[in-house]
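The residues making up each chain are set out below.
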Amino acid sequence: MTIITGILVGLALYFILADTLGLPTMRASRAIYNLSKNQAKGMVGLELGIHKLAVRLSKWVRINEFKRLQLVSDLQTAGLNISPELHIAKGLVVGLAAGMTAIPFFFIFPILSPVFIILGFMVYLKEIGSVRERIKDKRSAIEFELPRFVAFIEKTLQHNRSVLSILEDYRKSTVKEFQHELNITVADMHSGNYEAALTRLEGRVGSPMLSDVIRGLISVIQGDETDMYWTVLSVRFADIGRQMLRQRALKVPPKVKRLSMSLLFCFMMSYVVIIVVEVLSSMSAMFGGG
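Residues numbered from 1 in each chain as written. Predicted model: local features only at pLDDT ≥ 70, side-chain atom pairs only at ≥ 80, totals over all residues. Heavy atoms only, no water.

1. Notes on the environment of R56
Then, in step 1: Looking at the element boundaries, R56 is found in helix α3 (residues 46-58).
Then, in step 2: The partly exposed category is assigned to R56, whose relative accessible area is 43%.
Then, in step 3: When the C-alpha positions of R56 and A89 are compared, they lie 8.5 Å apart, and in sequence the two are 33 residues distant. (Helix = DSSP H or I, 4+ residues; strand = E, 2+ residues; numbered from the N terminus. Buried < 20%, exposed > 50% of the residue type's maximum accessible area, 1.4 Å probe, protein only.)

2. Thoughts on the packing of helix α10 (residues 176-191) against helix α11 (residues 194-205)
Then, in step 1: Following both chains from N to C, one finds α10 and α11 inclined at 155°, their axes separated by 8 Å at the closest point. By the angle class used here, α10 and α11 are roughly antiparallel. As α10 packs across α11, the resulting crossing turns out to be right-handed. Of the residues in α11, those touching α10 at E181, I184, T185, D188 and M189 are Y194, A197, L198, R200, L201, R204 and V205.
Then, in step 2: In terms of residue class, the contact of α10 with α11 is made up of 7 nonpolar, 1 polar and 4 charged. (Axes fitted to C-alpha atoms, helices over the stretch in contact; angles between N-to-C directions. Parallel < 35°, antiparallel > 145°, perpendicular 65-115°, else oblique. Left-handed = near helix turned anticlockwise from the far one by under 90°. Contact = heavy atoms within 4.5 Å. Nonpolar A, V, L, I, M, F, W, Y, C, P; charged D, E, K, R; others polar.)

3. A few points about a nonpolar patch on the surface
Then, in step 1: A cluster of nonpolar side chains, M269, V272, V273, I275, V276, V277, V279, L280 and M283, forms an exposed patch at the surface whose accessible area comes to about 760 Å².
Then, in step 2: For V277, the position within the fold is in helix α13 (residues 227-289).
Then, in step 3: On the basis of relative accessible area, V277 is assigned to the partly exposed category, the value being 44%. (Patch = residues over 30% accessible without salt bridge, like charges linked within 9 Å, V, L, I, M, F, W, Y side chains within 5 Å. Areas by Shrake-Rupley, 256 points an atom, 1.4 Å probe, with all protein chains shown as cover. Salt bridge = Lys/Arg side-chain N within 4 Å of Asp/Glu carboxyl O.)

4. Observations concerning the pattern of salt bridges
Then, in step 1: Enumeration over the complete set of coordinates arrives at 8 salt bridges.
Then, in step 2: A salt bridge links R148 to E145, with the nearest nitrogen and oxygen atoms 2.4 Å apart. On the criterion of helical spacing, the pair formed by R148 and E145 is a turn pair, its members being 3 residues apart in helix α8 (residues 130-156).
Then, in step 3: Note on R148: relative accessible area 42%, which makes it partly exposed.
Then, in step 4: Under the relative-accessibility criterion, E145 is labelled buried at 7%.
Then, in step 5: The closest approach of N and O atoms between D239 and R242, which form a salt bridge, is 2.2 Å. Here D239 pairs with R242, and both are found in helix α13, just 3 residues apart, close to one helical turn.
Then, in step 6: Since its relative accessible area comes to 45%, R242 is described here as partly exposed.

In structure tokens form, the structure reads like this:
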């Protein structure tokens, strides 16, 4: 009964705050989403409401210039077309939303309230650090693709030394992270200097492996003899690619083990709930009969 009361109190507080803050309904959120799909792609319901609150809060966020420039660079690298202020504001909104779960527990189990406040702070830190995680995942996906890219370059250079043509051909069959970067680079090369476009690609991704590839491509543009360079690089990257595959394979068993433990925990909790309900029913019948 206490748990049900806590859930009802939490829902009531949510609806009161949603009405006070002007959070959109599900129907309104879907309508807004359909009208502004390009600007708020993937945002529906609560997520769009959080975005709306973050936009309002971002007007009051202040960041020092050095940190702001660094965050702008990180957001661009991560492929997020938002301002640093909006990113910080979104983290604050999500963290506060998580921390507010402490309110119903304050009336039911006060001792648990600090736990949810700490949880809200951790959610805020995780949201702020999501850009770095996104950059890391993007770089890993691109580096995993580079051995195949180098092998493609080595074979193509035997009959075609046009770097622009190589990039245009390869972007059709690569992973979406690398395809996005190649699309930007190809457009950049069409409108400007080839070497500068490749250097900007290197700066956006920030991968030592990609730096070796860019160095070789710039040498090709300059007309240098690079056959031996690409042969050596292809062999080295092939070894790195096998190591990456081995590392991914080693990560699979722990994940499977965690999932198995989670499933076992769910089964155990199901039996515990049934036993508790039966015990409570028996005690109720016993005291009622007495």
